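Residue-level listing of the chains:
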Amino acid sequence: SAAMYAEGDALDYYLNPTRGKVPTWSDRFAVMAWSEWLESDFVSLAPAFDLPLSIVTGDATATPTAVKDFIHRLPHKPTVHQHAGTQFDFYDNPDTVQFASEHAIAHFNATLKVPA
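Residues numbered from 1 in each chain as written. Predicted model: local features only at pLDDT ≥ 70, side-chain atom pairs only at ≥ 80, totals over all residues. Heavy atoms only, no water.

**So, a nonpolar patch on the surface**
Taken together, the side chains of Phe42, Leu45 and Phe49 define a hydrophobic patch exposed on the protein surface, amounting to about 300 Å² of accessible area. In this fold, Phe42 is placed in the loop between helix 2 (33-39) and strand 1 (54-57). A residue is classified by how much of its surface remains accessible, and Phe42, at 52% relative accessible area, is exposed. (Patch = residues over 30% accessible without salt bridge, like charges linked within 9 Å, V, L, I, M, F, W, Y side chains within 5 Å. Areas by Shrake-Rupley, 256 points an atom, 1.4 Å probe, with all protein chains shown as cover. Salt bridge = Lys/Arg side-chain N within 4 Å of Asp/Glu carboxyl O. Helix = DSSP H or I, 4+ residues; strand = E, 2+ residues; numbered from the N terminus. Buried < 20%, exposed > 50% of the residue type's maximum accessible area, 1.4 Å probe, protein only.)

**Side note on the pairing of strand 2 (residues 79-82)**
If a strand is regular, its side chains alternate between the two faces of the sheet. Relative to strand 2, strand 1 runs parallel, the two being bridged by four bridges. Following the sheet pairing, Ile55 is matched in strand 2 by Val80. Running through helix 3 (residues 64-73), the crossover from strand 1 to the neighbouring parallel element strand 2 is right-handed. (Pairing = 2+ DSSP bridges. Right-handed = clockwise from strand over helix to strand, strands pointing away.)

**Things to note about the packing of aromatic side chains**
Taken as a whole and assessed by the stated rule, the structure comprises seven aromatic pairs. Centroid distance Phe49 to Phe70: 5.3 Å. Interplanar angle 80°. Geometry classified as edge-to-face. Taken together, the residues Phe49 in the loop between helix 2 and strand 1 and Phe70 in helix 3 connect sequence positions 21 residues apart. On the accessibility criterion, Phe70 (15% relative accessible area) is buried. Residues Phe88 and Tyr91 carry aromatic rings whose centres are separated by 5.3 Å and whose planes lie at 90° to one another, so their mutual orientation is edge-to-face. Taking relative accessible area as the criterion, Phe88 reaches 7% and is therefore assigned buried. Three or more aromatic residues link up through ring pairs in this structure, and these residues are Tyr13, Tyr14, Trp25, Phe88 and Tyr91. (Phe/Tyr/Trp six-rings, centres within 6.5 Å; stacked < 30°, edge-to-face > 60°.)

In structure tokens:
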């Protein structure tokens, strides 16, 4: 009955006290939230994105096919940065988090307009 029970990285993340099993996690999941997450069609929203976009993703993340479909439907070509990390590496692996952070910072530095 666990929400994210799967062999491999997910199981390690949620059961490992040095990763996701922190004392403040109550070990509960709102089962009613599954339908909103699983039935949401974010790919269909891609044509509405009319701003510069930078995407950090990887083939081992939760929804790599949906990300590729989303990118394909965007009106403007985004900058895409691929990383070998898993979905859970993006939560707490220092190398993966640094990779994503550096690309996010570079994107915002290049695209945000700060009033003088």
